[in-house]
Amino acid sequence: MSIYEGLSADKLAVVLDLGARYTKFGFIGEFAPRCIIPSEIKCPSSGKIRYIYSYTDENDLYSLLVEFVHMLFFKHVLVTPKDRHVVIVESLLCPTLFRDTLAKVLYRHFEVASILFVPSHLVALCTLGVKTALVIDVGYEEVQIIPVYEGVPILKAWQAQPLAAKAIEARLRNNFINAYNNMKNAAGDCGDTDTFAEDVSELPDSVIEDIKVRGCFVTTMERSEMISKSEPVKEPPPLKYRIKGDKLILIPGICRETAFEVLFERDNDTNSIQDLVLKSILECGIDTRKQLAENLFLVGGTVMAPGFKSRFMREVKALLHSPEYCDRLPLNTVKLHNPPAKDNYTCWLGGAIFGATDMLQMRSLSREKYLSLNTVPDWSNLAHNELVISKLPT
Amino acid sequence: MSYLIQREFVRYECTCGSLKPISVLHFCRHCLKLRCGYCVCHEVDSHYCSNCMEHLPSAEAKIKKNRCGSCFDCPNCFHTLSVRATTRSVEDGSKTPSKHYYLACFFCRWTTRDVGIPDQTTATGSWPNKENPYAETLISLLEHYKVIAMRERSQKDKKTYSTPRRGYSSFTEKFGLSSMIARKRAGLPSLPLGGKEVNLSNLPPITPSVAEEEVEPLPESYFAEEPDLTKITSLVQRHANPALQATTINTLHPQHRHFYIKRSLRCRQCEHNVSKPEYNPGSIKFKIQLAAYYHMPEVRIMTFEPLQAGKPSDIILKLINPTQHLTSVQFTQLPTTEEIEVAEEREKNMKESLDRDLISIPIPPRCVVITGKADLPSSAVVLPPRDDAAEYDDTVDTHSFQDDPNVVVWRKGNKAAVKFSITPFSDIKPGTEVLFGFCLDYGYVNTMPILEPRQPQRTEMQVKVYLSPGKTCGIDPK
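Residues numbered from 1 in each chain as written. Chains lettered and ligands numbered in written order. Predicted model: local features only at pLDDT ≥ 70, side-chain atom pairs only at ≥ 80, totals over all residues. Heavy atoms only, no water.

1. Some details on the overall build of chain A
(1) Moving on: If you tally the helices and strands in chain A, you get 16 helices and 15 strands.
(2) Moving on: Looking at chain A as a whole, 60% of its 394 residues qualify as buried.
(3) Moving on: Of all intrachain contacts in chain A linking residues separated by at least 6 positions in sequence, the fraction that spans at least 24 positions is 66%.
(4) Moving on: A total accessible area of about 15900 Å² is found for chain A, and carbon and sulfur atoms account for 52% of it. (Helix = DSSP H or I, 4+ residues; strand = E, 2+ residues; numbered from the N terminus. Buried < 20%, exposed > 50% of the residue type's maximum accessible area, 1.4 Å probe, protein only. Contact = heavy atoms within 4.5 Å. Areas by Shrake-Rupley, 256 points an atom, 1.4 Å probe, with all protein chains shown as cover.)

Written out as structure tokens, the structure is:
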């Protein structure tokens, strides 16, 4: 054991949170990641920039990850990966293929000493110091909700829908193109040709993301209702946005205001974000529901949008009092936690705190163990349904 | 230079199976194998600042969080900031004017005055750092969880220690001086002697986060005013400083410049370095550089006839021997897929019989589509050793090699040009890339002084070479 401690004192373990859009990477015991960088890498053979999550099969993912992890270690944290301990913060709903391939890359190619996989929803609570919360992770691909009660994730009550940054950006692009075509048609021949010279239908994703981050906001519930009923509302002023340095495009105020509506729209499937929250609470035991509702916790980069949290709380409260839920879920208060960090790296921070404790030595899967098992134990695989890794049959 | 900017016409097959030009390959002199960037072990060698070229030992760089002590990056455009000095006269006029310094970006004209950082009286070292505003809360949380984890661990350890032990050596290991120091360095509280959890019982108090019902609403200004994009930071600017993530440009804060590293490469099999740079960041030389182009014959395409599907065309290759020893080069055809399978099987059996913990990195399958066949010369070509003086000798070479004039068409010093014909497959379409390959057998003289017999050892080596001279042309010009 003492040798083990000596190693960890010498070689500070690293914490990796590989998100669909952005990757957070840093050291344990620190309170902010060393870098937040796009999860993308230049493909060495074709020279194209590719997202890690755009993989086609395992071999493709393997080569993407080798390049990406290499860059993380040698460009950003500047340490040798060999014989280092790694904490990976990942969702419980992470695809097995991705998890296994990432483990294979780290253990076999980079020869790390051990990996500790921690569920992102659970360790996020380390940043709050509470044991019970309903964690809502709004990232890029999807929103994932997992309640945690007294330090145990209630997996049965998980909810996930592709309602996150990707959907918002798709909505923004769609609305913008429509509005733009309308403007163009209305202007006819006498329109200002300069303004329409640029084809807006093929704006790159990075531009749409930039418009979303800098120009869009989450409107209030009252205004959203009025807009959906097409009642007249005073439109926010349009935004002048420059593309390629010299072209000026106008982004109508209504586009800026309604881009985030896709998360809160209730259709027949009732799969809006507020529905998912209440559905998840309903799935939990009746004695846990009040506590969970009073401990909501939003994590993920998308929740940093201006007005997101207040709108979210209004929507959840309103839905709680709607006839649909008021009988089944007689709760009066919902409360929201405020993390002591920026929302986009809260899960990473939880992993950094958790990894700085002795748990790193107790719970991590060592390289020798991995090589003998040749797979990573996971909750979804009943072959390793054992609490303590050391007791696993080899 | 042409290696860096040109297309890869000639590629060698590395031991790991990837095809790379000779300029990026390494040759491990200890296990006599080709290695490339994919199959060597990369290590961080030294840290340095690319602006002031200061280099620090790794331990010190770690403490400084891999950032330079004196250089700053512009938070707006990431260019390096420069220190500017101004003289300011003191109002009462009694003293001489004092010098004041501020930081300015010469690229985007951002200055520290823009964000209200006061001018400093010394040029370096006194710039304010922005601390994480939640540091105190987080430190208390960290201490709390550390104690919880230690409790769990000591409980677990107790169970394992219940078996009777012989001797006291285990206690010196557990409570000895060295482990105390190790614990202290790791930032963990020292274990009390006697095994009683004195400090484990009192958990450091924390203030758990309190959930709130009221959330700050969206300011009304969003509905009335157009956002000024010149005042709002982009995502890249925000992510450059993860702890701060300023949303408006007047809260940006300059950051110390991030270090760069020099890497050394190590062979995974024998753990010898194949490349080790000099420590000084200003130097571009290497202490060890076992590049493949110093050790194996290089193949270059000199010229070739237009390629046509199904028709043989002549190609002339130049072979260069870079070593100090005479070598002889022989061409053979690439093994067929069946032969490869047999060889792999044999290798696998050999590994199993050795029963060693061979750490081999997984090799993703690579597919190469061969679209041509070479009619290789059967005779061996002798290449004389490299002689730097001969490069400047204009007198006619007087070599006495018994060359077949149909194969060796030209010779000078350690170089020879070899002619043979290639036939692109007849079923390929015009305009497709022709790729063909052959095995190159060559003699290699190992001069490693550490080898047991002190004489240079001659070994026969083989490398697979793939050439893609160009595309097939359309119709027969006749």
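Once you've had a look at it, read on.
2. Observations regarding the sheet that holds strand 2 (residues 22–27) of chain A
(1) Moving on: With mixed pairing, the six strands of this open sheet are ordered in space as 3-2-1-6-7-15 (chain A). Strands with a single pairing partner mark the edges of an open sheet, and in this sheet they are strand 3 (35–38) and strand 15 (365–366) of chain A. (Pairing = 2+ DSSP bridges.)

3. Digging into the sheet that holds strand 16 (residues 327–332) of chain B
All names here are of chain B.
(1) Moving on: The strand order across the open sheet built from six strands is 2-1-22-21-16-18, with neighbouring strands paired in antiparallel fashion. Taken across any chain shown, the strands that pair with only one partner, and hence form the sheet edges, are strand 2 (19–20) and strand 18 (381–383).
(2) Moving on: Across three bridges, strand 16 lies against strand 18 in antiparallel orientation. Bridging across to strand 18, Val329 finds its partner in Val381.

4. With respect to the packing of helix 2 (residues 58–77) of chain A against helix 3 (residues 96–109) of chain A
Residue and element names in this part refer to chain A.
(1) Moving on: Viewed as axis vectors pointing N to C, helix 2 and helix 3 meet at an angle of 55 degrees, and their least axial separation amounts to 9 Å. Between helix 2 and helix 3, the interaxial angle falls into the category oblique. The chirality of how helix 2 crosses helix 3 is right-handed. In this structure, helix 2 contributes Glu58, Leu61, Tyr62, Leu65, Val66, Val69 and Phe73 to the contact, and helix 3 contributes Leu97, Phe98, Thr101, Leu102, Lys104, Val105, Leu106 and His109.
(2) Moving on: Across the contact of helix 2 with helix 3, the residue classes break down as eleven nonpolar, two polar and two charged. (Axes fitted to C-alpha atoms, helices over the stretch in contact; angles between N-to-C directions. Parallel < 35°, antiparallel > 145°, perpendicular 65-115°, else oblique. Left-handed = near helix turned anticlockwise from the far one by under 90°. Nonpolar A, V, L, I, M, F, W, Y, C, P; charged D, E, K, R; others polar.)

5. Here we look at the interface of chain A and chain B
(1) Moving on: Facing the 85 residues of chain A at the interface are 70 residues of chain B.
(2) Moving on: Together chain A and chain B conceal approximately 6800 Å² of surface at their shared face, both sides included; 60% is due to carbon and sulfur atoms.
(3) Moving on: Its largest share of buried area at the contact with chain B, chain A owes to A:Phe31, A:Leu78 and A:Arg214, together 11% of the area lost on that side.
(4) Moving on: For the pair chain A and chain B, the number of links is five salt bridges.
(5) Moving on: The partner of B:Glu152 in a salt bridge is A:Arg363, and the shortest N-O contact between them spans 2.6 Å. (Buried area = accessible area lost by both parts, 1.4 Å probe. Salt bridge = Lys/Arg side-chain N within 4 Å of Asp/Glu carboxyl O.)

6. Side note on the pairing of strand 9 (residues 98–105) of chain B
Residues and elements named next belong to chain B.
(1) Moving on: The element strand 9 is largely enclosed, with a buried count of six among its eight residues.
(2) Moving on: In the sheet, strand 8 (residues 81–88) pairs with strand 9 via eight bridges, with the strands oriented antiparallel. Note on strand 9: the bridge partner recorded for Thr86 is His100.

7. Considerations on unusual backbone geometry
Residue and element names in this part refer to chain B.
(1) Moving on: Unlike most non-glycine residues, Asn66 shows phi in positive territory, near 55 degrees.
(2) Moving on: Within the element layout of this structure, Asn66 appears in the loop between helix 2 (58–63) and strand 7 (67–73).
(3) Moving on: The class for Asn66 is buried, based on a relative accessible area of 3%.
(4) Moving on: Backbone geometry at Gln245 places phi at a positive 45 degrees, although glycine is not the residue there.

8. Here we look at a negative patch on the surface
Residues and elements named next belong to chain B.
(1) Moving on: A surface patch of like charges, here negative, comprises Glu338, Glu339, Glu341, Glu344, Glu345 and Glu347.
(2) Moving on: As for its placement among the helices and strands, Glu338 is situated in helix 9 (residues 337–354).
(3) Moving on: Overall, the relative accessible area of 54% leaves Glu338 in the exposed class. (Patch = residues over 30% accessible without salt bridge, like charges linked within 9 Å, V, L, I, M, F, W, Y side chains within 5 Å. Lys, Arg positive; Asp, Glu negative; His and termini not counted. Charge placed at Lys NZ, Arg CZ, Asp CG, Glu CD.)

9. A short note on the side chain of B:Arg35
Residue and element names in this part refer to chain B.
(1) Moving on: Checked against the element boundaries, Arg35 lands in strand 4 (residues 33–35).
(2) Moving on: A distance of 2.8 Å separates the side chain of Arg35 from the side chain of Gln269, its partner in a polar contact.
(3) Moving on: Beyond its immediate sequence surroundings of up to four residues, Arg35 is in contact with Cys14, Thr15, Leu25, His26, Cys28, Val40, Cys267 and Gln269. (Polar contact = N/O pair within 3.5 Å; in protein donor to acceptor, adjacent residues only side chain to side chain.)

10. Observations regarding the packing of aromatic side chains
All names here are of chain B.
(1) Moving on: In total, this model carries 17 aromatic pairs over all chains according to the counting rule given.
(2) Moving on: For the ring pair Phe72 and Trp127, a centre distance of 6.4 Å and an interplane angle of 75 degrees mean the geometry is edge-to-face. A residue pair is termed long-range when its members are at least 10 positions apart, and Phe72 in strand 7 and Trp127 in the loop between strand 9 and helix 3 (135–161) qualify at 55 residues. Across the pair, Trp127 and Phe72 agree in class, each one buried. (Phe/Tyr/Trp six-rings, centres within 6.5 Å; stacked < 30°, edge-to-face > 60°.)

11. Description of helix 12 (residues 308–320) of chain A
Structural remark: α-helix, 3.6 residues per turn; residues separated by three or four positions point the same way.
All names here are of chain A.
(1) Moving on: Between its first and last C-alpha atoms helix 12 spans 18 Å; for 13 residues at 1.5 Å apiece the expected length is 18 Å, and the two agree.
(2) Moving on: Extensive coverage of helix 12 is indicated by the burial of ten of its 13 residues.
(3) Moving on: Here helix 12 has its buried residues at Phe308, Lys309, Ser310, Arg311, Phe312, Met313, Glu315, Val316, Leu319 and Leu320. (Expected span 1.5 Å × (residues − 1).)

12. A short note on the pattern of salt bridges
Residue and element names in this part refer to chain A.
(1) Moving on: Considering all chains together, one arrives at 34 salt bridges over all chains under this definition.
(2) Moving on: When the shortest N-O distance is used, the salt bridge between Arg34 and Glu30 registers 2.9 Å.
(3) Moving on: The class for Arg34 is buried, based on a relative accessible area of 14%.
(4) Moving on: According to the relative accessible area criterion, Glu30 is buried, its value standing at 12%.

13. Looking at the pairing of strand 1 (residues 14–18) of chain A
All names here are of chain A.
(1) Moving on: Burial of strand 1 is extensive: five of the five residues sit out of reach of the surface.
(2) Moving on: Judged by which residues are buried, strand 1 turns out to be covered on both faces: Val14, Leu16 and Leu18 on one side and Val15 and Asp17 on the other are all buried.
(3) Moving on: Sheet analysis places strand 1 next to strand 6 (residues 85–90), joined by three bridges and oriented parallel. Within strand 6, the residue paired with Val15 across the bridge is Val87.
(4) Moving on: Relative to strand 2, strand 1 is paired through five bridges, and the arrangement is antiparallel. Bridge pairing links Leu18 to Thr23 in strand 2.
(5) Moving on: The hairpin formed by strand 1 and strand 2 contains three residues between the paired strands.

14. Quick notes on the nonpolar core
(1) Moving on: Counting 90 residues, the largest nonpolar core has A:Ile52, A:Phe73, A:Leu106, B:Tyr12, B:Phe420 and B:Phe438 as its most contacted members.
(2) Moving on: Top element by residues in this core is helix 2 of chain A. It accounts for twelve residues.
(3) Moving on: A:Leu106 has contacts with A:Val69, A:Phe73, A:Val86, A:Ile88, A:Glu111, A:Val112 and A:Ile115, leaving out every residue within four places of it along the chain.
(4) Moving on: Core analysis: the next-biggest nonpolar cluster, separate from the first, contains 55 residues, A:Phe176, A:Val200, A:Phe260 and A:Leu296 among them. (Core = buried A, V, L, I, M, F, W, Y, C linked by side-chain atoms within 4.5 Å.)

15. Digging into a nonpolar patch on the surface
(1) Moving on: Judged by side-chain polarity, B:Met302, B:Val409 and B:Trp410 come together as a nonpolar surface patch covering roughly 260 Å² of accessible area.
(2) Moving on: Secondary-structure assignment places B:Trp410 in strand 19 (residues 408–412).

16. Side note on the confidence of the model for chain A
(1) Moving on: Averaged over every residue, the pLDDT of chain A is 88; residues scoring 70 or more account for 92%.
(2) Moving on: Counting contacts from residues 1–8 of chain A, a segment whose pLDDT is below 50, to residues more than four positions away or on other chains yields nine contacts. (pLDDT = per-residue confidence, 0-100.)

17. Remarks on the confidence of the model for chain B
Note that predicted coordinates carrying low pLDDT should not be read in detail.
Residues and elements named next belong to chain B.
(1) Moving on: When pLDDT is averaged along chain B, the result is 81; 80% of the residues meet or exceed 70.
(2) Moving on: Long-range and interchain partners of residues 192–198, a stretch whose pLDDT sits below 50, account for six contacts in this model, where long-range means more than four residues apart.
(3) Moving on: Across residues 354–358 the pLDDT falls below 50, and counting only partners more than four positions away or on other chains, this stretch makes two contacts in the model.

18. So, the environment of A:His121
All names here are of chain A.
(1) Moving on: Mapped onto the secondary structure, His121 falls in helix 4 (residues 120–123).
(2) Moving on: C-alpha separation for the pair His121 and Gln144, spaced 23 residues apart in sequence, amounts to 9.0 Å.
(3) Moving on: Setting aside residues up to four positions removed in sequence, His121 forms contacts with Ser91, Val135, Asp137, Gln144, Ile145, Ile146 and Val148.
(4) Moving on: Engagement of the side chain of His121 in a polar contact is seen with the backbone oxygen of Gln144, the distance being 3.2 Å.

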